[in-house]
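# Inside the fold
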Amino acid sequence: MLHIENLKVFHGPIEAVRGISFSVKEGQCVSLLGPNGAGKTSTISAITGVAKSTGTITLKNDDLTKLPVESRICKGIALSPEGRRVFANLSVEENLRLGGAHQKEGLADCIAEWFDTFPILGERRDQAAGTLSGGEQQMLAIARALMAEPHILLLDEPSLGLAPKIVTQIFKMIGALKDKGMTILLVEQNATQALRLSDYAYLLNNGRIVAEGTAETLGSNDTLMAELTGLT
Amino acid sequence: MEYIAQQMMNALSFGAEYALLALGLAIVFSIMGLVNFAHGEIIAVGGYTMVAMTSLALSNPLIVIGVAVIAATFASVTLERVAFRPVRYADPTTGLLTAFGVSIVLQNLFLLLVSPRPIAVTSLYFLEWPIDLGSIRISSLQLFETITTIAVIIAMTLFLRRTVLGLAMRAAALDFEMVRLTGIRANRVFAAAFMISGLLAGIACVFIMARRGSVDPHLGFDPVLKAFVACVVGGFGSLPGAVLGGFLLGAIEVAMLVMLPQSLGGMTDAFVFGIVAMLLIWRPEGILTPRREKGDKQ
Amino acid sequence: MTLSRSQKRGLVGASLLALILIGIGLVASYFGSRYQLRIVYGAYVNLMVVLALQVFMGNARITNLSHSAFMGIGAYVAAICVTPVAMKAISLPNAPWGLSTFALDPITSALIALFLTGLFAVLVGLFIVRLSGTGATIVSLALLVIVHSIFLYRTDIFKGNQAFFGIPQVFTLTSAVTLAVLMVFVVRGFRESCWGIALRASADDEVGAASMGVNFFRLRLIAWVLSGILLGVAGIAYAYYLGTISARPFYFNHVFLTLAMLILGGMRTVTGAVLGTFLISFGLEWVRWLETGPEVLGIDLPEVLGLSGVTLGAVIVLTMALRPGGIMGDREIEELVLKK
């Protein structure tokens, strides 16, 4: 589905991503793990086109490299960004409407569906998105991304800044999405939760992939897990 | 009593015009942080279009108004494409200075290609006639202006709340990048903003022309200054703020005209600006500014 | 006093610029006609304005639109103080507060003018420095309009748009060059001083600076007041050479002109200020010559009034679009000569 080859991302003179390659197969949930500054968000930015990069990015055999941001999104990428970035001055419903903007028919039905899946969002449909709690905003961000019925969902640090109970809820939700067959690329600092969901994971550090493997392989590597989770 | 009612009508119609002008500026600023000083020249484009039509012996008022408004809208969108696209994501200072530059270029192009002297535009005189409401005498133009502005505000509110593009523009005011990340084309959002801005300028132009009866290269300077001040007072970037600022400015101006003794008449501008400066010091962000919500990544 | 490395480089840079300025001045004095001398003088006065502008805009990174107003204040105060009583009787018959009864020597007048301009700068600055970038620009615009209105309105003191004449013409090109050279050292010195460096560092990130401490406002204020005083000097130089002033030159057209000069050269450096000023001063003269429809190679060119305005505007737009940092960008002149 998504194939990245020799990706390099520069922020000015600093090389944030130093040539990584990975892929996400259809229906898979792949995680990019690693500490702060490893280059995870830079990778996401490169895929969406926000950050300039070199290397190849292919989605379902379409070469995305020369396309601007909006075109890439329309090709089937959806993003729930770091920090959630809901449109604070718009209502919950308006946020969803924007998310599904390039869907011609059935917008209202789609929105109604999401309100069924997340009753809280339904309750707050006319509320300004900026007044929602962190967890609710994260739900909204994901729902907004999914309104576009994408081929692949990019999730950047969904657990950031949320209470542990809410984090569990969010990951349950992501798990449910995965069970429905959604292709997911997950960027997370919370390695334990992420690995539970993922089929495959890559560990980034300093812009390079330093380890990769299935959840079991990485999970059973105790030294690695200690590094990632800070527990011994 | 009639005097007060008369002055209130004046304040209302002044305010309506300033609100119209301010909205034109605010809509562009709220999305790209650009203070479009060339807005005044868009108005002048409308005026010169009217001149062109007179010289083509087209004096049907509806055609004159229609074409002028279309010309202003078109000019605004063209300006965005040609002059403002390169500085689209630049910092506010760059945009501000580019707008200044565009304004000077246009003013001098009018001077160069048309004439440095004012040219009369008489096709809109019919719009103005006195109306007696009880014991107050008002001008029909004032009435038209107020009604039009209210209609425009309603139309814009509907557009911004009901259409996808309108939603995108409101969202873009806080987080443009995220709007792009939902797949909505940046070009479309910017073009729409400038189109609306041009439309508003065109409508304002009709009223300005009807009152002035002539157009000259520096026509745009005063209106854009007033619009600017109105936006500032109401809170730059806030659309309701622009409307509030416009009406407030109209009220302050009429109040100054009424209250200042004859001897200080020439100082109206200075006093108005002085009040504005003080308002800014009291509320540096303007009276109603869009609030930055926490939890948004800037 | 030991100078830091950047300060030493600054000294070199300022000296290089000084040499260039003196050079141009000498060439103009020996070879220029009277008319050309006036133009060169005008360029030097504009240079002083642009340098003053650079102090604030280049370091605090905020667009200031009121600079011509400060120049006007300096010019008018000095003019009122220095003009002989006999002249004032004719030009300011109705002057209040006994302004037409005294006349001071040029130096005292200049000092009074600088003092008042500085005072005004401090009073206004206390408010302006607390505003955000755009807010400060807007208030500076308001300032420009207000000061201009006062000039126009109090004709008993300022004579409005009519010429205020009779100012003793005590300045020559040499005086202007000397002042400009001094200013180059002052402005460059400020740029490399601890204030200048701190200001430039915090200007790039207002929020970061605010979390760093209150001094940010003080830094801005220092730059603002320095800028104001230097503008006063420019105004005095203007008045002392021309002998007559009016309100018109201290308004929008001059603001745009000097702004364009700073932008073209690059507002972050002193070299940029100098380069932009001379490029536009001489370039504009050439365009103005074209405007009059001269004869070139036997062809009679048409009159093109407004060409200078179009060129000026185009310069601003193109520079912003293609090279927002101006020609010099971040580089001062010594970087072309010294090794890093």
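Residues numbered from 1 in each chain as written. Chains lettered and ligands numbered in written order. Predicted model: local features only at pLDDT ≥ 70, side-chain atom pairs only at ≥ 80, totals over all residues.

Going by this rule: UniProt positions are given in the numbering used here, feature names are shortened, and annotations may be inferred rather than shown by experiment.
An unreviewed UniProt entry lists chain B under the name Branched-chain amino acid ABC transporter, permease protein, with Planktomarina temperata RCA23 given as the organism. In the Sequence similarities (unreviewed entry) part of its UniProt record, chain B is described as follows: "Belongs to the binding-protein-dependent transport system permease family. LivHM subfamily." In its Subcellular location (unreviewed entry) section, the UniProt entry covering chain B states "Cell membrane".

### Considerations on the overall build of chain A
Note the threshold: Numbering goes from the N terminus for both helices and strands, where a helix is a DSSP run of H or I of at least four residues and a strand is a run of E of at least two. A radius of gyration in this sense is built from C-alpha atoms; the matching globule rule multiplies 2.2 Å by the number of residues raised to 0.38. Partly exposed residues are those falling between the two cut-offs: more than 12 but fewer than 20 other C-beta atoms within 10 Å of their own, whereas 20 or more means buried and 12 or fewer means exposed, with C-beta atoms placed from the backbone. Each residue is represented by a C-beta atom placed from its backbone, and any two residues with such atoms within 7 Å are regarded as in contact.
Along its length, chain A carries 10 helices and 10 strands. Over its C-alpha trace chain A gives a radius of gyration of 17 Å, about what one expects of a compact globule, namely 17 Å for 232 residues. For chain A, the proportion of its 232 residues judged to be buried stands at 46%. Taking all contacts inside chain A whose residues are at least 6 apart in sequence as the whole, residues at least 24 apart take part in 65%.

### Description of the nonpolar core
As a rule of thumb, soluble globular proteins bury nonpolar side chains together. Residue and element names in this part refer to chain C. Rules: Only buried residues count toward a nonpolar core: Ala, Val, Leu, Ile, Met, Phe, Trp, Tyr and Cys, linked into one set through C-beta atoms within 7 Å.
Ranked by internal contacts, the top residues of the largest apolar core, which has 289 residues, are Met-48, Leu-51 and Ala-237. Broken down by element, this core gets its largest block of residues, 19 residues, from helix α11 (residues 215-242). For Ala-237, the contacting residues outside a window of four places in its chain are Val-45, Met-48, Phe-171, Ala-176 and Leu-179.

### Observations concerning the pairing of strand β6 (residues 77-80) of chain A
Residue and element names in this part refer to chain A. How we decide: At least two bridges found by DSSP between two strands are what make those strands a pair.
Side-chain alternation along β6 places Ile-77 and Leu-79 on one buried face and Ala-78 and Ser-80 on a second face that is also buried. Looking at chain direction, β6 and strand β7 (residues 152-156) are connected through 4 bridges and run parallel. Paired with Ala-78 across the strands is Leu-153, a residue of β7.

### Some points on the interface of chain A and chain B
Selection rule: Classes in brief: Ala, Val, Leu, Ile, Met, Phe, Trp, Tyr, Cys and Pro nonpolar; Asp, Glu, Lys and Arg charged; the others, Gly included, polar.
Listed per partner, the contact involves 26 residues of chain A and 21 residues of chain B. Elements represented by at least two residues in the side of chain A that touches chain B include exactly α2 (69-74), α3 (92-99) and α6 (134-146) of chain A. Grouping the constituent residues of the side of chain A that touches chain B by class yields 12 nonpolar, 8 polar and 6 charged.

### As for the arrangement of the chains
Out of 2 pairs of chains that touch, the pair holding the most contacts is chains B and C. One finds no contact linking chain A with chain C; the least C-alpha distance across the pair is 16 Å.

### A few points about the UniProt feature "transmembrane region" (unreviewed entry) in chain B
All names here are of chain B. Taking the UniProt record as the reference, the feature "transmembrane region" (unreviewed entry) is found at residues 18-38, 50-75, 95-114, 147-169, 189-208, 228-252 and 264-282. In the segment residues 18-38, helix accounts for 71% and strand for 0%; the C-alpha atoms at its two ends are 16 Å apart. The annotated region residues 50-75 carries 81% helix and 0% strand content, and the separation between its end C-alpha atoms amounts to 14 Å.

### Some points on the packing of helix α8 (residues 173-192) of chain C against helix α9 (residues 194-203) of chain C
Residue and element names in this part refer to chain C. Applied cut-off: Only the contacting stretch of a helix is used when fitting its axis, a line to C-alpha atoms as for every element, and angles between N-to-C directions run 0 to 180 degrees. Roughly parallel means an angle under 35 degrees; roughly antiparallel, over 145; roughly perpendicular, 65 to 115; everything else is oblique.
Interaxial distance between α8 and α9 falls to 4 Å at its minimum, and their mutual angle equals 60°. By the angle between their directions, the pair α8 and α9 is classed as oblique. Each of Phe-190, Arg-191 and Glu-192 in α8 lies in contact with α9, whose residues at this interface are Trp-195, Gly-196 and Ile-197. Across the contact of α8 with α9, the residue classes break down as 3 nonpolar, 1 polar and 2 charged.

### Observations concerning the sheet that holds strand β9 (residues 200-205) of chain A
Residues and elements named next belong to chain A. Across the sheet, 6 strands lie side by side as β6-β7-β8-β3-β9-β10; this open sheet has mixed pairing. Sheet topology places β6 and β10 (208-214) at the edges, where each strand pairs with a single neighbour. Taken over all neighbouring pairs, the strand axes of this sheet differ in orientation by 15° on average, direction set aside. In this structure, β7 lies alongside strand β8 (residues 183-188), joined through 5 bridges in parallel fashion. Note on β8: the bridge partner recorded for Leu-153 is Ile-184.

### What to know about the sheet that holds strand β2 (residues 14-24) of chain A
Residues and elements named next belong to chain A. Read from one edge to the other, the open sheet built from 4 strands follows the order β2-β1-β4-β5, with strand pairing classed as antiparallel. Two strands lie at the open edges of the sheet, namely β2 and β5 (62-63), each paired on one side alone. As paired elements, strand β1 (residues 2-11) and strand β4 (residues 53-59) share 6 bridges and run antiparallel to each other. Note that in β4 the partner of Glu-5 across the bridge is Thr-56. Packed on one face of the sheet, helix α1 (residues 40-48) meets β1, β2 and β4 and runs near 110° to β1.

### Topic: the interface of chain C and chain B
The interface is formed by 34 residues belonging to chain C together with 34 residues belonging to chain B. Breaking the side of chain C that touches chain B down by element, the ones donating at least two residues are α6 (133-153), α12 (252-265) and α14 (307-322) of chain C. Broken down by element, the residue count for the side of chain C that touches chain B peaks at 12 residues, all from α6 of chain C. A per-class count over the side of chain C that touches chain B returns 23 nonpolar, 10 polar and 1 charged.

### Let's talk about unusual backbone geometry
The phi angle at Lys-60 of chain A is positive, at roughly 50°, despite the residue not being glycine. Position of Lys-60 of chain A among the secondary structure elements: in the loop between β4 and β5. When the 13 C-beta atoms within 10 Å are taken as the criterion, Lys-60 of chain A is described as partly exposed. The phi angle at Arg-61 of chain C is positive, at roughly 60°, despite the residue not being glycine.

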